[in-house]
Amino acid sequence: MVYLASDIQKALGLGRSKTYLFLDEVYRQQENPPFRVIKVGKLFRVPKKSFDDWINAVQ
C-alpha cells in the first residue's frame, strides 16, 4: 500500500513541481529521512505507514 506523488501533493497542499522536488530530496537523504520514498524509474511511491507516521508526528 503506497501513496502516489499526486496523493502526497494533495495531502501537503503543494504544486506538482514542488511535490516532485520534495520527494526527490527525501529520496536522496541518506541519514534519517523523514519517511521512506521508493523511486521506480521516474515514478515515486511512498509507503502509506511511513508517510502517515511522519505527517501525524508533524501535526
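Everything numeric here is computed off the predicted structure, so don't read it as measured data.

Asks: Break down unusual backbone geometry for me, citing the residues and quoting the values.
Replies: Positioned with a positive phi, N32 is a non-glycine residue whose angle comes to about 55 degrees. Within the secondary structure, N32 is located in the loop between α2 (16-28) and β2 (38-40).

Asks: Kindly report on the packing of aromatic side chains, identifying the contributing residues and their values.
Replies: By the definition in use, this model includes seven aromatic pairs. Measuring from centroid to centroid gives 5.8 Å for F22 and F35, while their planes differ by 55 degrees, and the two rings are tilted. Taken together, the positions of F22 in helix α2 and F35 in the loop between α2 and β2 put the pair 13 residues apart, joining distant regions of the chain. Residue classification places F35 among the buried positions, given a relative accessible area of 3%.

Asks: Describe the pattern of salt bridges, listing the residues and the values that go with them.
Replies: Counted under the stated rule, the structure contains three salt bridges. Here D24 ties to K39 by a salt bridge, and the two come within 3.6 Å at their closest N and O atoms. Of the two residues, D24 is situated in helix α2 and K39 in strand β2; the sequence distance between them amounts to 15 residues. When its relative accessible area of 19% is taken as the criterion, D24 is described as buried.

Calculation criteria
- Residues numbered from 1 in each chain as written.
- Predicted model: local features only at pLDDT ≥ 70, side-chain atom pairs only at ≥ 80, totals over all residues.
- Heavy atoms only, no water.
- Helix = DSSP H or I, 4+ residues; strand = E, 2+ residues; numbered from the N terminus.
- Phe/Tyr/Trp six-rings, centres within 6.5 Å; stacked < 30°, edge-to-face > 60°.
- Buried < 20%, exposed > 50% of the residue type's maximum accessible area, 1.4 Å probe, protein only.
- Salt bridge = Lys/Arg side-chain N within 4 Å of Asp/Glu carboxyl O.

Distances and angles like these do not, on their own, reveal function.
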